[in-house]
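# Structural features, examined
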Amino acid sequence: LFFVGVALGLVMIVAIRLSEFRKLSLHTLVERGIQNREFIPYYQPIVDVSSNSLYGCEMLARWKRRGQGLISPMEFIPYVEKSGQILPITDQLIEKTVAEIGKLNWGETQQVISVNVVPDQLEQLETLESSLKLIHQSRLQPSQIAFEVTERKRFTNLAMASQVIEMLRCQGIDVKLDDAGTGYGGFSYIQQLNIRSLKIDKMFVETIGTTDLKLSLLDSIIAFGRKANMEMIAEGVETQEQSQYLAEHGVTLQQGFYFGRPMPFRDFAYYCKSIVSR
Ligand code: C2E
Ligand code: CA
Ligand code: CA
Ligand code: CA
């Protein structure tokens, strides 16, 4: 038994060392990725189905590592959020986004680009300053940029967040509540932060046409949004049935594979030509 214990202990020490090593090397890889500007924006269309026109897009991060292909944000965003590397990455993404989207003449047609930020970024205006500078220097109007902040993570300083959100709104930049209905804040966030736009999570959209009880949650979120006169964008729309149900319930701003997957700028520019601007 003694030897088994010692052996187990050794295995554990090795395992811990290995996981430390992996963390260390991920940190270095990300650091190098930032230096080599390997983080690139993909764009997913958001469509207004009432007029079949383009409302705008959501920018979604991808990591293009040399010789490795694309890495999904699920694999690095949780880490870089903790390490703080999300800040230079967001700057890099916004810089590329305003340069690329600036080529689309959206200055005239007023489409909106939604950028994901973490709660920390809304609790300290300084963390957004360099991004805001890039936005103000671009060919886009500030009102064409929106930030999406997820409800899945807690805000530590709601009072500060509400001030920052107000400040952004004064500059014309809207803040949307992402993954609405899935996390902590819910309706109290919406009121305390004075949020006027909801992104309804895929988790609810995928219950359309099923007997899942969450379908009644979808209906309540929509009812709430309409009562409170909020803008609502449904995400994860994959089928015509889902799109139609949402439209019939007044949610005409929709995003999902049914309309288009996240894509690199060249494909997105092509997509934009095939659909009327709003
Ligand atoms: P999210 O903000 O909820 O973004 C929507 C995710 O759903 C995207 O995954 C998108 O590709 C996927 N999606 C869109 N339509 C459909 C659909 O019809 N069906 C299905 N099955 N999936 C759909 P993606 O691009 O892998 O991003 C994952 C998450 O990573 C995002 O979830 C967001 O929370 C985070 N993320 C991505 N880019 C950034 C970023 O620049 N900053 C931060 N802080 N987070 C980011
Ligand atoms: Ca989002
Ligand atoms: Ca979302
Ligand atoms: Ca989501």
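An unreviewed UniProt entry lists the protein chain under the name Diguanylate phosphodiesterase, with Photobacterium jeanii given as the organism.

### What about the overall build of the protein chain?
What the protein chain contains, in helices and strands, is 12 helices and 10 strands. On the principal axes, the C-alpha backbone points of the protein chain span a range of 70 × 45 × 40 Å. Restricting the contact set of the protein chain to residue pairs at least 6 apart, pairs at least 24 apart contribute 70%. Carbon and sulfur atoms make up 56% of the accessible area of the protein chain, which amounts to about 14500 Å² in all.

### Overview of the coordination of the calcium ion (ligand 3)
Only Asp 178 (OD), Asp 178 (OD), Glu 235 (OE) and Glu 235 (OE) from the protein coordinate the calcium ion (ligand 3), and they sit 2.0 to 3.2 Å from it. Between the calcium ion (ligand 3) and the calcium ion (ligand 2), a separation of 3.3 Å is found, and both are coordinated by Asp 178. One end of the pair, Asp 178, is in strand S6 (residues 174-180); the other, Glu 235, is in the loop between strand S8 (231-234) and helix H11 (240-248), with 57 residues separating them in the sequence. Here the two residues Asp 178 and Glu 235 agree in accessibility, since each one is buried.

### Some thoughts on the site of ligand 1
Every one of the 22 residues lining ligand 1 counts as a neighbour, but Ala 61, Arg 62, Lys 202, Glu 238 and Phe 257 are closest to it. The side chain of Arg 62 places a nitrogen or oxygen atom 2.9 Å from an oxygen atom of ligand 1. Note that an oxygen atom of ligand 1 is positioned 3.0 Å from one of the side-chain N or O atoms of Asp 178. Burial of ligand 1 by the surrounding chains reaches 83%, relative to a free accessible area of 800 Å².

### Some remarks on the layout of surface pockets
Volume-wise, the largest pocket comes out at about 1100 Å³. Taken together, 37 residues make up the lining of the largest pocket; nearest its centre are Glu 58, Leu 60, Pro 73, Met 74 and Asn 116. Taken together, the residues that form the lining of the largest pocket break down as 16 nonpolar, 9 polar and 12 charged.

### Structural notes on the packing of helix H3 (residues 86-101) against helix H6 (residues 126-137)
H6 packs onto H3 with a crossing angle of 10° between their chain directions and a minimal axis gap of 9 Å. Taken together, the axis directions place H3 and H6 in an arrangement best described as roughly parallel. Between H3 and H6, the contacting residues are Leu 87, Thr 90, Asp 91, Ile 94, Glu 95 and Val 98 on the first element and Thr 127, Ser 130, Ser 131, Leu 134 and Ile 135 on the second. Residues belonging to the contact of H3 with H6 are distributed by class as follows: 5 nonpolar, 4 polar and 2 charged.

### So, the nonpolar core
Residues Ile 101, Trp 106, Ile 113, Leu 122, Phe 147, Leu 168 and Phe 268 are the most contacted members of the largest nonpolar core, which totals 74 residues. Top element by residues in this core is H3. It accounts for 6 residues. Apart from residues lying up to four places away in sequence, Leu 122 is in contact with Val 117, Leu 128, Val 149, Phe 155, Met 160, Ala 161, Val 164, Ile 165, Leu 168 and Val 175. In this structure, Ile 46, Val 112, Ile 233 and Leu 253 belong to the second largest nonpolar core, which totals 6 residues.

### Things to note about the pattern of salt bridges
In the structure shown here, the tally under the stated rule is 12 salt bridges. Between Lys 153 and Glu 81 there is a salt bridge, with its nearest N and O atoms 2.9 Å apart. In this pair, Lys 153 sits in the loop between strand S5 (145-150) and helix H7 (158-170) while Glu 81 sits in helix H2 (residues 73-83), placing the two residues 72 residues apart along the sequence. Judged by relative accessible area, Lys 153 falls into the partly exposed class, the value being 38%. A salt bridge links Asp 174 to Arg 169, with the nearest nitrogen and oxygen atoms 3.9 Å apart. The exposure class of Arg 169 is buried, given its relative accessible area of 16%.

### Examining the pairing of strand S1 (residues 39-48)
Strand residues, when the strand is regular, have side chains that alternate between the two faces of the sheet. The buried count for S1 comes to 10 of 10 residues, which makes it a mostly enclosed element. Side chains Phe 39, Pro 41, Tyr 43, Pro 45 and Val 47 of S1 all project onto a buried face; the interleaved residues Ile 40, Tyr 42, Gln 44, Ile 46 and Asp 48 project onto the opposite face, where all are buried too. Here S1 pairs with strand S2 (residues 53-65) via 10 bridges, running antiparallel. Its bridge partner being in S2, Pro 41 is matched across the sheet by Ala 61. When S1 meets strand S9 (residues 253-254), the two strands line up antiparallel, connected through 2 bridges. Paired with Asp 48 across the strands is Leu 253, a residue of S9.

What counts and how
- Residues numbered from 1 in each chain as written.
- Chains lettered and ligands numbered in written order.
- Predicted model: local features only at pLDDT ≥ 70, side-chain atom pairs only at ≥ 80, totals over all residues.
- Heavy atoms only, no water.
- Helix = DSSP H or I, 4+ residues; strand = E, 2+ residues; numbered from the N terminus.
- Contact = heavy atoms within 4.5 Å.
- Areas by Shrake-Rupley, 256 points an atom, 1.4 Å probe, with all protein chains shown as cover.
- Donors = N, O, S within 2.8 Å, 3.2 Å for Na, K, Ca; no water.
- Buried < 20%, exposed > 50% of the residue type's maximum accessible area, 1.4 Å probe, protein only.
- Near = heavy atom within 4 Å.
- Polar contact = N/O pair within 3.5 Å; in protein donor to acceptor, adjacent residues only side chain to side chain.
- 1 Å grid on protein atoms, 1.4 Å probe; cavity = no way out; pocket = protein on both sides within 12 Å on 5 of 7 lines; lining within 4 Å.
- Points joined across faces, edges and corners; volume = space filled by probe spheres on them.
- Nonpolar A, V, L, I, M, F, W, Y, C, P; charged D, E, K, R; others polar.
- Axes fitted to C-alpha atoms, helices over the stretch in contact; angles between N-to-C directions.
- Parallel < 35°, antiparallel > 145°, perpendicular 65-115°, else oblique.
- Core = buried A, V, L, I, M, F, W, Y, C linked by side-chain atoms within 4.5 Å.
- Salt bridge = Lys/Arg side-chain N within 4 Å of Asp/Glu carboxyl O.
- Pairing = 2+ DSSP bridges.

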